[in-house]
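Here's the letter readout for the chains.
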Amino acid sequence: MTTRPSPPAGPTMWLAALALAGLAAAGCTDPSEDDDTTAVDDDTTPDDDTTPDDDTVIDDDTAPDDDTTPDDDTTPVEQDLDLDGWTDVEGDCDDGDPDVFPGMAELCDGKDNDCDPLTVEDADGDGDGASVCDGDCDDAEPLLNPVDADGDGFSTCTLDCDDADAAVVPDDGADQQTSGFLKLCTPLLEPHGTWDEDFLVQASVIYDGEYKMYYRGGEAAANQAVGLATSPDGIDWTHFGTTAVFDLVGQTWESNGISAPWVVREPLDETWPYKLYYHAKEPDGSRSIGLAVSADGISWTRWGTAPIVSHGDPGTYDEKNAHAPTVVPGGLGTWHMWYSAKTDDDVYSIAYATSEDLGYTWTKFEANPIFAAAPVGEWDAGRITHPSILPRGSGYQFWYAGSADTAYDSIGYGISPDLVAWERWPHNPVLTPGAAGRWDASELWAASVYDLGDRYYMFYSAADEGAHYGRFGLAINQRPGVEVYGPAEGAVLDSATTPWFAGRVEDDFVETTTVTFQSDVDGVLAELAPDPWGRVVVQAAQPLTPGSHVIRMRAQDDSGLERAAEVTVTVE
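What counts, and at which threshold
Residues numbered from 1 in each chain as written. Predicted model: local features only at pLDDT ≥ 70, side-chain atom pairs only at ≥ 80, totals over all residues. Heavy atoms only, no water. Helix = DSSP H or I, 4+ residues; strand = E, 2+ residues; numbered from the N terminus. Polar contact = N/O pair within 3.5 Å; in protein donor to acceptor, adjacent residues only side chain to side chain. Pairing = 2+ DSSP bridges. Buried < 20%, exposed > 50% of the residue type's maximum accessible area, 1.4 Å probe, protein only. Contact = heavy atoms within 4.5 Å. Patch = residues over 30% accessible without salt bridge, like charges linked within 9 Å, V, L, I, M, F, W, Y side chains within 5 Å. Areas by Shrake-Rupley, 256 points an atom, 1.4 Å probe, with all protein chains shown as cover. Salt bridge = Lys/Arg side-chain N within 4 Å of Asp/Glu carboxyl O. Lys, Arg positive; Asp, Glu negative; His and termini not counted. Charge placed at Lys NZ, Arg CZ, Asp CG, Glu CD.

Draft legend 1. How the structure looks around the environment of aspartate 346. One can find aspartate 346 in the loop between strand 12 (335-342) and strand 13 (348-355). Among the polar contacts listed, one links the side chain of aspartate 346 to the side chain of lysine 342, at a separation of 3.3 Å.

Draft legend 2. Spotlight on the sheet that holds strand 1 (residues 168-169). The mixed open sheet is built from five strands, whose spatial order is 1-2-22-21-20. If you trace the sheet from one side to the other, it starts and ends with strand 1 and strand 20 (443-451), each paired once. Bridge analysis of strand 20 against strand 21 (residues 456-463) gives seven bridges, and the strand direction is antiparallel. Among the inter-strand pairings, leucine 444 is bridged to a residue of strand 21, identified as alanine 462.

Draft legend 3. Broad picture of the pairing of strand 25 (residues 500-504). Of all five residues in strand 25, four are buried, a share of seventy percent or more. Here three bridges tie strand 23 (residues 483-486) to strand 25, and the two strands are oriented antiparallel to one another. Across the sheet, residue valine 484 finds its bridge partner in strand 25, namely glycine 503. The pairing of strand 25 with strand 28 (residues 535-539) spans five bridges and is classified as antiparallel. The partner of phenylalanine 501 across the bridge, within strand 28, is valine 538.

Draft legend 4. Quick peek at the side chain of aspartate 380. Within the secondary structure, aspartate 380 is located in the loop between strand 15 (371-372) and strand 16 (383-392). In contact with aspartate 380, other than residues within four places in its own chain, are Ala373, Ala374, Tyr400, Gly402, Ser403 and Arg424.

Draft legend 5. Looking closely at a negative patch on the surface. On the surface, Asp171, Asp172, Asp233 and Asp236 cluster together to form a negatively charged patch. Tracing the backbone shows aspartate 172 in the loop between strand 1 and strand 2 (182-184). Given the relative accessible area of 67%, aspartate 172 is considered exposed.

Draft legend 6. Structural detail: the pattern of salt bridges. Enumeration over the complete set of coordinates arrives at 12 salt bridges. Between glutamate 210 and lysine 212 there is a salt bridge, with the nearest N and O atoms lying 3.6 Å from each other. On the accessibility criterion, glutamate 210 (32% relative accessible area) is partly exposed. For lysine 212, a relative accessible area of 6% translates into the label buried. Each of Lys183, Arg438 and Asp440 takes part in one network of salt bridges that share partners.

Encoded structure:
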């Protein structure tokens, strides 16, 4: 039998043999190892290579890699594990937190929300001592921050325009209890570009269903007249028309402008219920006081052809000026006028006059002046002018402009039992100019004060450092609280000694009827009425029980309002 040789292999078998020979030559014997001819793995089972994959593009295996060493692909795998729309490749610095990714707003949560270490929430961007998380309303502007530097309850972030002065608050911030007048940040009225574009000072306010403010204005100091503004609430004011309501037209003795208007309304005078008192220069340069009358408070007519209160004779206290009048009507009884007086050598004082015929004719008080400048060295030793008078309990109170020289400066306060004898408040002045750069930084004067029942409104004139007289301000006093100044907080008292207590119903413009000192341990210790300044000094009836005591001072006024303050002491 003859043996026949095998036929040559076909093409398919030849290729398979060639592939096996290639694998053997490469040293690969595991059929599960990668044998891709391209860079992409397409294994249908997990890799178990003992060496890293060296694919040049992203793995797309259908099952996870379980290599014992990491992949070394040349491009990373992109993933958004927290579904915040950002991958780690795109800059998500915490792909496990959806509140962290580039562009996210910084939150006060202790995280770098926007993946920018320069904008973390507790950073102080403007160096003002506060971050956004501290309440900084503008961390790029150091002048705006939440720090209440002056302790008035407002910061520059809450619109405090002067955070170095506790007596200055935002326009909506004067409803808090206070121990004095609080100035509002914004002026009430400014020139409106017509006849009063250069000068706007000396406000007088009345109420007759709406607030009416009469003021001195002008285009220049030598051309002054009386303007009018109205308001529904005493805060928001609107100019009345575009011209003055009373000026030099039809003048008689006046030669150079009309100043310091003071308007009163007396319904008992049925013919002329409105009266406008003012001063003007006479031909010799002296100042005297005139009168105009009106039926409606808008159209005015001069009363007579001469002053109603003239400057005095040579050598008298008012030989140079009788000016800046304030009038309190008395119905069918006595009317009262206080006015500023000046001698020929510039000695200032305040004088007094009365009227018994509805304010038309006046008689000067024979013992004038009733209030003189303070001794040299005091804040009001130079000029005192522009008094404003209100009743106070059984007596009276007044405010006046004063300064140490001949420039206007601040507002002082005093009280009187009889309208003639006046005593200065020991804590004067009650209102001072604002900080540098503010609209009232230079001078502050011509205060007009009004009792609105639960508060006092003080309208005042002011000037900036450039001596621009163009705005009115408003300060508000809210019937303040009380202060205990003896014993001091934390004091240690002797149990064998009967203690003294002292306090003050500070700046109290109502009649305080009762002040009570009381201990939380021993009960009522003393009860009395304060002096005219609201001061109380009293000794307890007996020594206190040893131990800790809260001493409470309560003040009640004739309106029924109660206020209190307290200190804690130890008795040994």
